[in-house]
Amino acid sequence: MATERTLSILKPDATRRNLTGKINAKFEAAGLRIVAQKRLQLSVAQAEAFYGVHRERGFFRDLVTFMVSGPVVVQVLEGEGAVAANREIMGATNPANAAPGTVRAEFAESIEANSVHGSDSAENAAVEIAFFFAGIEIVG
Ligand code: ADP
Ligand code: MG
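Just so you know, these numbers come straight off a predicted model, no measurement behind them.

### Some points on the nonpolar core
Considering soluble globular proteins, one finds that nonpolar side chains tend to be buried as a cluster.
Part 1 of the reasoning: Counting residues in each nonpolar core, the largest one holds 21 residues, and the members touching the most others are Leu7, Ile9, Met67, Val76, Phe132, Phe133 and Ile138.
Part 2 of the reasoning: Elements with a minimum of two residues in this core: β1 (3-10), β2 (33-40), α3 (44-50), α4 (60-67), β3 (72-80) and α7 (122-132).
Part 3 of the reasoning: A total of five residues in this core trace back to one element, the largest contributor, which is α4.
Part 4 of the reasoning: Apart from the residues within four sequence positions on either side, Ile138 is in contact with Arg5, Val35, Ala36, Val76, Ile129 and Phe133.
Part 5 of the reasoning: Within the second largest apolar cluster, 14 residues are counted, among which are Leu10, Ile23, Ile89 and Met90.

And the structure:
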């Protein structure tokens, strides 16, 4: 499998509980490299734009409110099949369904406050990385 990049976000529930190091350790233990990273406070407009695909979903307004409720850490992860590898490390969206040892099984508070975002395809990864990072900020 080819080396890929994926966009990861450590969500406000994770930064609030000071879990960024514990989550990053899981990425690194699984062989993913953090090749870009910054801490941000998203605006409502930015959160709405980032989650635009979910605009029609019933949980959209609550999701946006949650994502601006505190700082996030946005990052680019690089490695073999990074998109799928990161989804595996994250675990299922609903922590009740997340496999043991995954980030969401260990740390998520709820289906909404589920600690991490990860791109779901290589195509979306490219769009999501460009949303947050200039090329010069990504150092592989
Ligand atoms: P994932 O983050 O696993 O790719 P989705 O893309 O389907 O999941 O949803 C984006 C985010 O929206 C989830 O990570 C979670 O924070 C929130 N979310 C998804 N489904 C629900 C739901 N049924 N109720 C509340 N929040 C949800
Ligand atoms: Mg998703």
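Once the structure has been displayed, the description carries forward.
### Regarding the pattern of salt bridges
Part 1 of the reasoning: All chains considered together, the criterion is met by seven salt bridges.
Part 2 of the reasoning: The partner of Asp13 in a salt bridge is Arg17, with the nearest N and O atoms 2.7 Å apart.
Part 3 of the reasoning: You can call Arg17 partly exposed: its relative accessible area is 30%.
Part 4 of the reasoning: For Glu137, the salt bridge goes to Lys38, with nearest N and O atoms at 3.2 Å. Taken together, the positions of Glu137 in the segment after α7 and Lys38 in strand β2 put the pair 99 residues apart, joining distant regions of the chain.
Part 5 of the reasoning: Residue classification places Glu137 among the partly exposed residues on the basis of a relative accessible area of 37%.

### Points about the site of ligand 1
Part 1 of the reasoning: Near ligand 1 you find Lys11, Tyr51, His54, Phe59, Leu63, Arg87, Thr93, Arg104, Ile111, Glu112 and Asn114, and these make up its full shell.
Part 2 of the reasoning: Contacts to ligand 1 include His54, whose side-chain N or O atom sits 3.0 Å from an oxygen atom.
Part 3 of the reasoning: Separating an oxygen atom of ligand 1 from a side-chain N or O atom of Thr93 is a distance of 2.5 Å.
Part 4 of the reasoning: Contact with the protein chains covers 80% of the free accessible surface of ligand 1, which is 530 Å².
Part 5 of the reasoning: Residue composition of the shell around ligand 1, grouped by class: four nonpolar, three polar and four charged.

### Looking at the side chain of His117
Part 1 of the reasoning: For His117, the position within the fold is in strand β4 (residues 116-118).
Part 2 of the reasoning: Judged by relative accessible area, which is 11%, His117 ranks as buried.
Part 3 of the reasoning: When near neighbours in sequence (up to four residues on either side) are disregarded, His117 contacts Leu7, Ser8, Ile9, Lys11, Phe50, Tyr51, Asn86, Met90 and Glu128.

### Section: α4
Part 1 of the reasoning: For α4, the full list of buried residues reads Phe60, Leu63, Val64, Phe66 and Met67. The arc that holds every buried residue of α4, seen down its axis, measures 160°, which confines them to one face.

Scoring rules and cut-offs
Residue numbers here run from 1 along each chain, matching the order of that chain's written sequence. Whichever chain is written first becomes A and whichever ligand is written first becomes 1, with later ones labelled in order. Residues qualify for local features only when their pLDDT is at least 70, as the model is predicted, and side-chain atom pairs are given and counted only at 80 or more; totals for whole chains, interfaces and linings, by contrast, use all residues. In computing side-chain values, all of the structure's heavy atoms are included and hydrogens and water are not. Working definition of a nonpolar core: buried Ala, Val, Leu, Ile, Met, Phe, Trp, Tyr and Cys residues. They are joined through side-chain atoms within 4.5 Å. Burial classes follow relative accessibility: with a 1.4 Å probe on protein chains only, a residue under 20% of its type's maximum area counts as buried, one over 50% as exposed, and anything between as partly exposed. Only runs of H or I of at least four residues qualify as helices and only runs of E of at least two qualify as strands under DSSP, and these elements are numbered from the N terminus. Between two residues, a contact is recorded if the distance between any of their heavy atoms is within 4.5 Å. Salt bridges are counted wherever a side-chain nitrogen of Lys or Arg sits within 4 Å of a carboxyl oxygen of Asp or Glu. Proximity criterion: a residue is near a molecule or strand once any of its heavy atoms comes within 4 Å of it. Polar contact is the term for a pair of N or O atoms within 3.5 Å; when the atoms are in protein, one must be able to donate a hydrogen and the other to accept it, and sequence-neighboring residues count only if both atoms are side-chain atoms. For every accessible area listed, the method is Shrake-Rupley and the probe measures 1.4 Å; residues are considered covered only by the protein chains on display. Each residue is assigned to one of three groups, with Ala, Val, Leu, Ile, Met, Phe, Trp, Tyr, Cys and Pro labelled nonpolar, Asp, Glu, Lys and Arg labelled charged, and all others, Gly among them, labelled polar. Taken from the helix axis, the directions to the C-beta atoms give the arc we talk about.

Any link to function would need more than the numbers given here.
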